Amino acid sequence: MPEASSHSAGTARLPLLIYVLAAGVFLMGTTEFIVAGILPEIATDIGVGVADAGLMITVFAVGMIVGTPLMAIATLKLQRRLALSLSLLVFALGHVVVALTSSFPLILTMRFVTALATGAFWAVAAVVAAKAVGPRLSSRALGIVLGGGMLANVVGVPLGALAGQAIGWRGPFWALAVLALIAVVPILKQVPVEPAGGPVPSVKAELAGLRDLRVWLVLAGAAIVCGSSLAAYSFISPLLTENTGMAASAVPLVLLAYGVGALIGSNLGGRLGTRRPYSVLFTSATATFFVLVALALFSHSPTATVVLVFLLGLFGMSTNPILIGKAVGYADEAPTLASALSTSAFNVGTAVGSWIAGFALESPLGEAGPVVVGAAIAALYFLPLSVLFVRDRRAERPLPTPARPEAEPAARPTPDCQAPRPDAGPALGDQSPCPAARGGRMFSFLALCLSSSAGGRSTRRLLPWCSR
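Described below are features of the structure shown in this document. Keep in mind that what you see is a predicted model, and the values were worked out from it rather than measured.

**With respect to helix H5 (residues 55-74)**
The principal kink in H5, of about 45°, is found at Gly67, preceding the proline Pro69 by one to four residues. Met56, Val59, Phe60, Gly63, Met64, Gly67, Thr68, Pro69 and Ala72 are the residues of H5 that are buried.

If you want it as structure tokens, here you go:
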């Protein structure tokens with residue numbers, strides 16, 4: 001009864017662990033984007049230009065791309081609860097150092113270290129969440145966990161920016177350090193200890209889990225989906241102020257609309273993806289493409305632009321929990337590296353998409369250029385998604401098993417099945433799979449009929465059809 005199963009998967013209660021992991025991801029997402037809101041304050045305080053202060057964002061992105069798989073391998077043999085706790089401790093330490101120092105090189109170094117801890121936490125948290133609820137609920141659980149990162153855009157980043165402007169840019173870093181230390185306690189309490197008798201994680205097993213082509217198709221999809229959405233999002237401010245004609249003070253409200261859409265999309269995509277993953281993936285891919293095309297065409301209308309930015313967050317971020325859930329599922333025996341590479345793929349898409357969009361901004365397309373780039377990247381999403389769909393269907397298709405007739409036992413291999421005997425009669429109406437056996441049985445039948453004809457009435461009564 002698939003309908004009942006699907007319904008129960010969509011309504012089953014998730015364990016508290018999922019929400020604890022989402023809180024940790026909320027902290028990680030906040031630190032990733034909070035710098036953008038307080039760049040002028042940081043630059044003024046430490047005596048560097050705003051563009052140089054922006055390196056704090058670039059270094060963090062590089063740390064996420066490179067460091068996530070490396071940290072996943074480095075912490076492979078640790079208990080996952082210990083790996084998550086250590087990630088939070090390193091995260092807190094990095095923020096304390098940034099809050100105390102005025103050395104820009106040291107700040108950049110700590111941002112890189114913080115990115116390593118963030119990548120490790122994201123990768124391990126995705127595996128823990130998927131394993132805690134099983135395959136049926138993994139997309140929904142990952143939607144909640146990743147929703148913590150979306151919530152950071154809606155709540156964490158604006159609050160951090162306001163706090164940084166009110167009490168100084170170091171205040172949010174102190175707050176994040178304290179919250180990370182507090183989060184260690186519920187992590188240790190909620191994440192179960194892995195049994196000693198279970199399979200021992202190894203780098204070889206993790207690399208073997210990447211042999212499945214479907215893992216790489218998921219990674220390609222993850223890079224494309226983030227590249228398409230964030231190519232437009234990275235340069236949404238000049239689009240709003242120049243094309244749409246909004247005041248600069250209205251830009252944060254539009255970004256808030258994007259964040260709300262992303263939060264809803266992540267949770268809704270995870271919930272619906274539990275039952276119909278490919279329906280959600282193809283619908284979101286199509287909707288993202290058309291939303292970006294519409295945004296490029298109607299960005300001169302303030303109302304249409306705000307609605308389209310909200311829809312971009314809604315559809316653009318709805319596929320992430322499904323993609324990570326599939327990557328973890330395909331590499332079920334060794335999922336940590338697959339999860340880490342998914343996180344890296346999202347960041348690769350963001351970096352490449354925003355890099356290309358930067359060139360488009362200076363092209364004749366102007367402020368609409370990054371949106372056009374996002375639409376072009378979104379169109380590429382259908383290629384890996386279609387191949388993944390076909391390969392999944394082939395993998396799920398059961399192998400055909402030959403049916404045997406119920407009325408007679410399977411034929412034994414005899415010399416008759418090697419080659420027909422010269423004395424074998426024609427196989428009239430006989431459906432035996434062996435031609436020689438058919439002839440042999442007909443020959444025996446005729447002999448029996450002849451003997452019944454010579455044997456009198458009693459034999460003919462037993463074999464009445466011989467007289468017909």
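**Details of helix H9 (residues 170-190)**
The terminal C-alpha atoms of H9, which comprises 21 residues, lie 31 Å apart, in line with the 30 Å expected from a rise of 1.5 Å per residue. Residues of H9 that are buried include every one of Arg170, Gly171, Pro172, Phe173, Leu176, Ala177, Ala180, Ala183, Val184 and Ile187, and no others. In the core, the buried residues of H9 are packed alongside helix H2 (16-37), helix H3 (39-46), H5, helix H6 (80-100), helix H7 (104-133) and helix H8 (138-167).

**Quick look at empty space enclosed by the protein**
In this approach a probe as big as a water molecule rolls over the atoms, and the regions it shows empty are the leftover space. For the coordinates displayed, the defined rule picks out one cavity of 30 Å³ or more. Looking at the largest cavity, its volume works out to about 50 Å³. Taken together, the elements giving at least two residues each to the lining of the largest cavity come down to H7 and H8. The leading source of residues in the lining of the largest cavity is H7, at three residues. Of the residues assigned to the lining of the largest cavity, the class counts are seven nonpolar, one polar and no charged.

**Some words on the packing of aromatic side chains**
Evaluated as defined, the whole model comprises seven aromatic pairs. Their ring planes at 80° and their centres at 5.1 Å tell us that Tyr278 and Phe389 sit as a pair that is edge-to-face. One end of the pair, Tyr278, is in helix H14 (residues 277-298); the other, Phe389, is in helix H19 (residues 382-396), and 111 residues separate them in sequence.

**Points about the pattern of salt bridges**
A full pass over the atoms with the stated rule returns four salt bridges. Among the salt bridges present, the one from Asp45 reaches Arg170, with a minimum N-O distance of 2.8 Å. Here Asp45 is found in helix H3, whereas its partner Arg170 is found in helix H9, with 125 residues between them in sequence. The partly exposed category is assigned to Asp45, whose relative accessible area is 42%. Assessed through its relative accessible area of 18%, Arg170 is described here as buried.

Analysis parameters
Residues numbered from 1 in each chain as written. Predicted model: local features only at pLDDT ≥ 70, side-chain atom pairs only at ≥ 80, totals over all residues. Heavy atoms only, no water. Bend = angle between axes of the 7 residues up to and from the residue. Helix = DSSP H or I, 4+ residues; strand = E, 2+ residues; numbered from the N terminus. Buried < 20%, exposed > 50% of the residue type's maximum accessible area, 1.4 Å probe, protein only. Expected span 1.5 Å × (residues − 1). Contact = heavy atoms within 4.5 Å. 1 Å grid on protein atoms, 1.4 Å probe; cavity = no way out; pocket = protein on both sides within 12 Å on 5 of 7 lines; lining within 4 Å. Points joined across faces, edges and corners; volume = space filled by probe spheres on them. Nonpolar A, V, L, I, M, F, W, Y, C, P; charged D, E, K, R; others polar. Phe/Tyr/Trp six-rings, centres within 6.5 Å; stacked < 30°, edge-to-face > 60°. Salt bridge = Lys/Arg side-chain N within 4 Å of Asp/Glu carboxyl O.

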